[in-house]
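Geometric and topological summary
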Amino acid sequence: MRLTLCTFLAILFCSTIQAQNFEISGNVQDKDSGFPIPGVNIFIKNSSQGVVSDFDGNFKINNVPNGSTLVFSYVGYLTFEVVIGNNNVLNIKLEQDIAKLDEIVVIGYGTQKKKEITGSVAVVSSETIEALKPSRIEQALQGQMAGVNITSQSGSPGSASTISIRGVSTNGDSRPLILVDGNVVEDLSVINPNDIETINVLKDATAGIYGVRAANGVILITTKSGRKNMPLTVEYDAFAGFQQTTRKIPSLNATEYALLVNEAFAANGQALVFTNVLDLGQGTDWQDKVFEDAPIFNNAITIKGGSENSTYAYGSSFLTQDGIVGGKKANFTRFTNRGNYSLNFLENFKLDAGLTFMHTNRKTLSETGLGSVLFNALNMAPTFQVRDNNGDYTIAEGLGNEVINPLAQIENTYNRGQVDKISGNASLSYNFFSHFTAQANYQFNYAKVNSHVFSPVAFYGSGKVFNKDRSEVVETKSFFRDYTFDAFIKYENKINDIHNVNILLGTSVFKTTGEFSGFVGFDVPDNNIANATIEQASGVQNIYPNGNATFDSRLLSYFARMQYDYKGKYLVSGVVRRDGSTKFGPNNKFGYFPSGSIGWVASEEDFLKDNNVLNFLKFRASYGILGNDRIPDFRFVSLLNGEGTYVIDDQLVFGTAIGAVSNPEIRWEKQKTFDVGLDANFFKNQIDITFDYYKKRTEDLLVVPQVSGLLGTTAPGSGAPVVNAGIVENQGFEFSIGYTKVVNDDLKFNLRYNVSTLDNNVVSVSADGDFLSGGSFGVGQDPPSRMEEGFPIGYFRGFVTNGIFQNQDEIDDYPTINNNVQPGDLRFVDINEDGVIDDDDKTNIGNPLPDATMGINLSIDYKNFDFAAYAFASIGNEIVRNYERNQALTNRSVYYLDRWTGEGTSNSFPRVTSGANSNSLFSDFFVEDGSFIRLQNVQLGYSFSDKVLENSKISKLRFYISASNLVTLTKYRGYDPTASTGEPIGGGIDYGFYPNPKTFLLGMNLKF
């Protein structure tokens, strides 16, 4: 009886306990938009029991004890907790985390919460990229983060850009390291912006974990992937539009041109060229002839999803874009396929793998330089017609050796480059002993680049350097291969809930190789592009007669990192890396590069913890030494890779010779970088502020000095040695502020502003006080750019002008550069006051580097409408105007209408003459203020509401219109103040840059 009673009570007790456990179900939505949120982690607090919301935001979790707490967490949203009572159906609305302090940021061989980062790291999200709709990734970086500057080398489709992070630290290769899902990428034009999830930029010593390749900063790009328990999701994005030039340079019409030419010839005592000026009219506007509206189309589809143990994603895109100069003859087409897969298997193993295939086809015209299409359009005489009476293209007689009919040039240009690239990555990790993870990563890239150039027989005018007496076809092939293998062990542990320890030990191997081959053939049958192959040409020659050109570079590295924080308040991180490079000899092959950073989250202190105004405050500082080895291979040893010509048995024999002069003592270039900053959020995280002061000092620069030709450095395949010489410093401030406000359920907006300053200075070039020069100006003049102690790197060196000589008395009372100076000529300043105008009077007349750059971004959401606008400004840099050919009969810009025509008529613009004069010598007359502010993108979109879409399988449908490069405010008179060659010494010289186009798009975003 007693046993039966006990059994009954036990059953009753268990039933009561069971009755207190609930099945909880419900839905999770975004508080602002009302959209369901898939993939939300939902778990019982202080237990391992949990589920994930499905595609529609629905969830169901069993056996939830009464009175327990359910936790809802998702990246980018504030964590939400609810105590379980009698209600077993929950409708949860998560609020976006404006501060995003718990956002996970990729930092190198791992991730870290944003609030725990002790270095200077900037982030661009997929939302920003989606709003900008860039055809190239670089366009999504400009103006979005302080300290990152993008310089376009050309506005032609598929052209490259130069990315600099916190100034120019070396006269050599100053590109940052770019990693896409761990893969090294040199050219971002092959990446589809639609595939990108986030872009993280490491700007200070925290980049040291990547070692030698990180001296100029690191850009980490993470592509989109699926999430666990995510149903199949399909996203389709498309846009179409057209492009046009942002401006045309005002040039003289035929009548104005003829009057000016007559005046120039008369000033030199020559007969007038045009006797019927009044009959010429407007003539031909050659810029109107070469510029055109060009179409652009893009289609992209992304498929992603996941199960309990795996995730997957696939993306495919197609972009085609014609050029605003040349149309289809400057077309760029890009096709990408990308897939990734992640699998958790067995108990503690995880496999990640990804594969990307990219195909690009780019047609190009001659651009950015003497003889380019735009150079010819600017200098071609407006008195010429496009075609003559026979229907043939007009011959450009009398305009010098370089200026030709630009439309004939386009017609006879057949340049095509094709790139096929495969990139892959695989990662296997294993968790053991609770706190340890062992991981191995392998990434590879393989690219084949084919180039085909056909130059038909062509006659552009007497003595033209572009005339072709024989048709010519050039075919080249290049192969690039690289791989990276990383292996490391991580230890992560939180001790007593107050000590957070993260230790990383690893090794890395990197190898990159390349091979180049090519042939040139002549006399293509029928002078026709259809027959332009090496097989059909005659007189075929090997471009590399001594064997294909190759390169082979390797790195072996060991690294360690320790991260520690105490109660999330006191943060410290240290990195040490040992890099070995094949670029240096046995005695200098390895280098040690340490770095460290500290942080203090002051807002976690008791005296600030419950502050209603200040929600977050973190101080941080970092210092480190990073190495750089970006020089040609094996320059520490003499190689037989030059070209030599020998006389054997009275016959000329072509063979090999010693190549570039070697230097066995070359060693690592070292960059010492210091950063101190703070991050703060105010007023319920509606305002966020970031401030940094940085200083970078690069020592032992790897430079190629100017040496005597007696060393044989001008021979084919030879060159001057690489030496360690020079110190460059960059320092400045970075400041960014953002304000986000949710006014009500219908209206919210975000306003962000950032500014970065830069002070660049060359501390030394060598012990002998030498200088390095670069760039070009005019024909036959000294290089205008220099790297010299006490000046910014690449500064412009030339004559300073002080008005115009108004009469002969002024000439007689002032030193002149030669005896040909006449009234109306520029007056050069005698800088050293020795009574002579010569090379010693040349000085600093401009800086190609801006003093400050800034960006401002505005977004507004009102009901179903969204609006975004982005602007970028560059202040304080100068640009050299070098797109005018100084010939007697070439055309001029309308600014020549303000020229000197007699005493008192002008004190800024010299006279015109067909005779010899000094006005074309490089001086500040050709240097202009390159400051500008550009409205980079404006976009207006409309999203259909859930109610409209509720009976369809479509979860999102949005249409938008956008305009890029809509307005540019600048004093610069060239095509585009944003363009530059990007060279450290020689940048900022405008050779007639192809402008970045103004683009208008109509697009759609579809998700189901």
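Procedures and definitions
Residues numbered from 1 in each chain as written. Predicted model: local features only at pLDDT ≥ 70, side-chain atom pairs only at ≥ 80, totals over all residues. Heavy atoms only, no water. Helix = DSSP H or I, 4+ residues; strand = E, 2+ residues; numbered from the N terminus. Rg over C-alpha atoms; globule rule 2.2 N^0.38 Å. Buried < 20%, exposed > 50% of the residue type's maximum accessible area, 1.4 Å probe, protein only. Contact = heavy atoms within 4.5 Å. Areas by Shrake-Rupley, 256 points an atom, 1.4 Å probe, with all protein chains shown as cover. Polar contact = N/O pair within 3.5 Å; in protein donor to acceptor, adjacent residues only side chain to side chain. Core = buried A, V, L, I, M, F, W, Y, C linked by side-chain atoms within 4.5 Å. Pairing = 2+ DSSP bridges. Axes fitted to C-alpha atoms, helices over the stretch in contact; angles between N-to-C directions. Salt bridge = Lys/Arg side-chain N within 4 Å of Asp/Glu carboxyl O. Phe/Tyr/Trp six-rings, centres within 6.5 Å; stacked < 30°, edge-to-face > 60°. Lys NZ or Arg CZ within 6 Å of the ring centre and 35° of its normal. Patch = residues over 30% accessible without salt bridge, like charges linked within 9 Å, V, L, I, M, F, W, Y side chains within 5 Å. Lys, Arg positive; Asp, Glu negative; His and termini not counted. Charge placed at Lys NZ, Arg CZ, Asp CG, Glu CD.

Assigned secondary structure in the protein consists of eight helices and 53 strands. For 1008 residues, the compact-globule estimate of 2.2 N^0.38 gives 30 Å, and the C-alpha radius of gyration of the protein, at 33 Å, lies within 12% of that figure. Judged by the C-alpha coordinates and their principal axes, the protein covers about 135 × 65 × 65 Å. In the protein, which comprises 1008 residues, the proportion classed as buried is 51%. Sequence separation of 24 or more characterises 70% of the internal contacts of the protein that already satisfy a separation of 6 or more. Accessible area of the protein: about 44,400 Å², with a carbon and sulfur share of 55%.

Another point: the side chain of Thr-284. Of note, Thr-284 is situated in the loop between helix H3 (254-267) and helix H4 (286-290). Among the polar contacts made by the side chain of Thr-284, one reaches the main-chain carbonyl oxygen of Phe-384 at a distance of 2.7 Å.

Let us look at the nonpolar core. By size, the foremost hydrophobic cluster in this structure holds 57 residues, and its most contacted members are Tyr-257, Val-290, Val-325 and Leu-399. For this core, the element with the highest residue contribution is H3, accounting for six residues. Beyond its immediate stretch of four places on either side in the chain, Val-290 contacts Ile-324, Val-325, Gly-326, Val-373, Leu-374, Ala-377, Pro-406, Leu-407 and Ile-410.

All right, on to the sheet that holds strand S1 (residues 21-30) then. Read from one edge to the other, the open sheet built from three strands follows the order S4-S1-S7, with strand pairing classed as mixed. Each edge of the open sheet is held by one strand with a lone partner, namely strand S4 (58-65) and strand S7 (89-94). Adjacent strand axes in the sheet meet at a mean angle of 30° when their direction is disregarded. Sheet topology places S1 next to S4; six bridges connect them, and they run antiparallel. If you follow Ile-24 over to S4, its bridge partner there is Ile-61.

Ordered by their spatial adjacency, five strands build an open sheet running S10-S15-S16-S13-S14, and the pairing between neighbours is mixed. Of all strands in the sheet, those with a lone pairing partner are strand S10 (121-125) and strand S14 (183-184), marking the two edges. Where strand S13 (residues 177-180) meets S14, two bridges bridge the pair, whose relative direction is antiparallel. Opposite Val-180, over in S14, you have Asn-183 as the bridge partner.

A complete count under the given rule lists 37 salt bridges for this structure. Asp-675 serves as the salt-bridge partner of Arg-166, at 2.9 Å between the closest nitrogen and oxygen. Placement of Arg-166 in the loop between strand S12 (161-165) and S13 and of Asp-675 in strand S33 (residues 669-682) is noted, with a sequence separation of 509 residues between them. With relative accessibility at 1%, the residue Asp-675 sits in the buried group.

With respect to the element layout, Phe-291 can be found in the loop between H4 and strand S18 (294-306). Look at Phe-291 and you get buried, because its relative accessible area is 8%. For the pair Phe-291 and Gln-244, spaced 47 residues apart in sequence, the C-alpha to C-alpha distance is 7.6 Å. Residues in contact with Phe-291, not counting those within four places in the same chain, are Thr-245, Arg-247, Lys-248, Ile-324, Val-325, Leu-374, Tyr-975 and Pro-995.

Turning next to the packing of aromatic side chains. Using the criterion set out here, one finds 42 aromatic pairs in the structure. Between Phe-777 and Phe-922 the ring centres are 4.9 Å apart and the planes differ by 50°, which places this aromatic pair in the tilted class. One end of the pair, Phe-777, is in the loop between strand S40 (772-774) and strand S41 (785-787); the other, Phe-922, is in the loop between strand S48 (878-881) and strand S49 (927-929), with 145 residues separating them in the sequence. Assigned by exposure class, Phe-777 and Phe-922 land together as buried. Ring pairs connect the aromatic residues Phe-345, Phe-349, Tyr-430, Phe-432, Phe-433, Phe-436 and Tyr-491, which therefore count as one cluster. The residue whose ring lies beneath Arg-827 is Tyr-814, and the NZ or CZ to ring-centre distance is 5.9 Å. Over the aromatic face of Tyr-895 sits the side chain of Arg-973, whose NZ or CZ is 4.4 Å from the ring centroid.

Once that is clear, we can look at a negative patch on the surface. Taken together, the side chains of Asp-809, Asp-812, Asp-813 and Glu-903 define an acidic patch exposed on the protein surface. As for its placement among the helices and strands, Asp-812 is situated in helix H7 (residues 808-812). By relative accessible area, Asp-812 is classed as exposed at 54%.

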